[in-house]
Amino acid sequence: MNADTETAASTPKALRRLSRIARGFGLEPPGRPVAGNEVELLVNGEHYFPGLLAALEGAKRSIWLETYLFAQDDVGRHVAEALGRAARRGVDVRIMIDGYGSAETARSLVHALGAEGAHVRVYRPPRWWRLGRKLLRRLHRKMVIVDDKIAFIGGINIIDDHNHPTADRHGTPLGPRFDFAVRLRGPIVRHVLQAARHLWWTVSFTEHLTEGTPPSPPPPLKLQPTPPLAEGATAQLLLRDNLRNRHSIERAYLKAIESAHHDVLIACAYFLPGLQIRAALRAACRRGVRVRLLLQGQVEYAIQHYAQRALYADLLAGGIEIYEYHPSYLHAKVAVIDGAWATVGSSNIDPYSLLLAREANVVIFDARFAMQLQTVLERAIASNARRVHLADYTRRGLVTKALDAVAYLLVRLAVVVFAQGRGY
């Protein structure tokens, strides 16, 4: 690929052409709430992976899998083997993995699963000669669709819950990573499938523009509708990308927070909201809503961790309750509002997720599901979290406060550098 070809392919004109063609084929997911869905909450990999592996082993026609991280551990090996077996028995297996998150395994998966008959694509593989502003525009969503009937969506990567340091910096043993996903059946699965097909074709088309490779044929113009399930929940798929869905997840959070009457409970691994969400949370407190945040207590990524803490004083002074999760790494990206609105997905409330990465959340409008998720979060707060009090926070030393401020400035600077322009 020469420089002229790459430059031409990255122009807004080429991207607009891609978007027009995609709309012409009806590839954009509707993004509207649909009723009649079965939604099952899955907490941590211990509940997620048995269900996922059973679905992969039972697949008869197709598997679509997207993930940010595909680890070379026992869980990754079991999932890869199940995908390979499916491909060998004639199932159409399509896997999209992020080139940065799965850098260590991308090449081996392409070769190993490709040899079994699976189709594997790497989303934006990093190349040393092409490091630029779009480096951090990653595929961060985690979705699986099996036989167009079952979908999994959430924050859980293909990685063992215990694939992290065995102890924290103080020598305290760490438990499993705390995370969530949902298993879906019903009409919403069609929307998730549309999103996966759209991305597959988008990447194929972009590779065709930049490298001259043959593009994949577009997906079918229409997918078979799925009848609603009796007494099923209403659900809505929300996507974030750098073309047509730049703010959909953020707007959904804002609307739900601004409409809250009595309770907002958010669990988020990386919480660095912009001015609008912070203002909405403070306004909710002023009108008597109880606002609680369950946030990362362990230092997994130092800059994000300390930058997040730079916002604590403002949030605590506004009446917001902050709890830090300490038994292990918190990887959740979930929320419950007024016991009736809930979301589970891949999107943190931070600049990376809301301004750079491809993300996918599902919103569930169902009191029974919302209370189930809230019960799990309430239990985590009561048993495994420490509350941060304003008085204790403000007594921190000057060096610690300066470290938080510098980390926050670095994150904001990165946003200015990396969040400009559009692209796939």
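Residues numbered from 1 in each chain as written. Predicted model: local features only at pLDDT ≥ 70, side-chain atom pairs only at ≥ 80, totals over all residues. Heavy atoms only, no water.

## A word on the packing of aromatic side chains
Within this structure, the stated rule accounts for 8 aromatic pairs. Ring geometry for Tyr270 versus Tyr301: centroids 6.1 Å apart, planes at 55°, classification tilted. In this pair, Tyr270 sits in the loop between β9 (263-268) and α8 (275-286) while Tyr301 sits in the loop between β10 (290-296) and α9 (302-309), placing the two residues 31 residues apart along the sequence. Its relative accessible area of 11% is what places Tyr270 among the buried residues. Taken together, the ring pairs connect Tyr48, Phe49 and Phe152 into an aromatic cluster. The ring centre of Tyr393 lies 3.7 Å from the NZ or CZ of Arg396, which sits over that ring. (Phe/Tyr/Trp six-rings, centres within 6.5 Å; stacked < 30°, edge-to-face > 60°. Helix = DSSP H or I, 4+ residues; strand = E, 2+ residues; numbered from the N terminus. Buried < 20%, exposed > 50% of the residue type's maximum accessible area, 1.4 Å probe, protein only. Lys NZ or Arg CZ within 6 Å of the ring centre and 35° of its normal.)

## Details of helix α5 (residues 103-116)
Taking 1.5 Å of rise per residue, the 14 residues of α5 would be expected to cover 20 Å, and the 21 Å separating its terminal C-alpha atoms lies within 8% of that figure. The largest bend in α5 amounts to roughly 30° and is located at Leu109. Among the residues of α5, those classed as buried are Thr105, Ala106, Leu109 and Leu113. At its buried positions, α5 is contacted by α4 (74-88), β3 (92-98) and β4 (119-123). (Expected span 1.5 Å × (residues − 1). Bend = angle between axes of the 7 residues up to and from the residue. Contact = heavy atoms within 4.5 Å.)

## Things to note about helix α3 (residues 44-57)
Its 14 residues place the ends of α3 20 Å apart at the C-alpha level, agreeing with the 20 Å of an ideal helix rising 1.5 Å per residue. Of all the residues in α3, the buried ones are Asn44, Gly45, Tyr48, Phe49, Gly51, Leu52, Ala55 and Leu56. In this structure, the buried residues of α3 make contact with β1 (34-43), β2 (62-67), α4, β5 (142-146), β6 (150-154) and β7 (180-185).

## Some points on a positive patch on the surface
On the surface, Lys60, Arg61, Arg89 and Lys149 cluster together into a positively charged patch. As for its position among the elements, Lys149 is in the loop between β5 and β6. Classification of Lys149 by relative accessible area gives exposed; the value is 56%. (Patch = residues over 30% accessible without salt bridge, like charges linked within 9 Å, V, L, I, M, F, W, Y side chains within 5 Å. Areas by Shrake-Rupley, 256 points an atom, 1.4 Å probe, with all protein chains shown as cover. Salt bridge = Lys/Arg side-chain N within 4 Å of Asp/Glu carboxyl O. Lys, Arg positive; Asp, Glu negative; His and termini not counted. Charge placed at Lys NZ, Arg CZ, Asp CG, Glu CD.)

## Things to note about the layout of surface pockets
Roughly 920 Å³ of internal volume is contained in the largest pocket. In this structure, the largest pocket is lined by 36 residues; those nearest its centre are Tyr68, Tyr270, Tyr301, Gln304 and Tyr352. Breaking the lining of the largest pocket down by element, the ones donating at least two residues are α9, α11 (351-356) and α14 (398-418). Tallying contributions element by element places α14 first for the lining of the largest pocket, with 5 residues. Looking at the lining of the largest pocket residue by residue, the classes come out as 20 nonpolar, 9 polar and 7 charged. (1 Å grid on protein atoms, 1.4 Å probe; cavity = no way out; pocket = protein on both sides within 12 Å on 5 of 7 lines; lining within 4 Å. Points joined across faces, edges and corners; volume = space filled by probe spheres on them. Nonpolar A, V, L, I, M, F, W, Y, C, P; charged D, E, K, R; others polar.)

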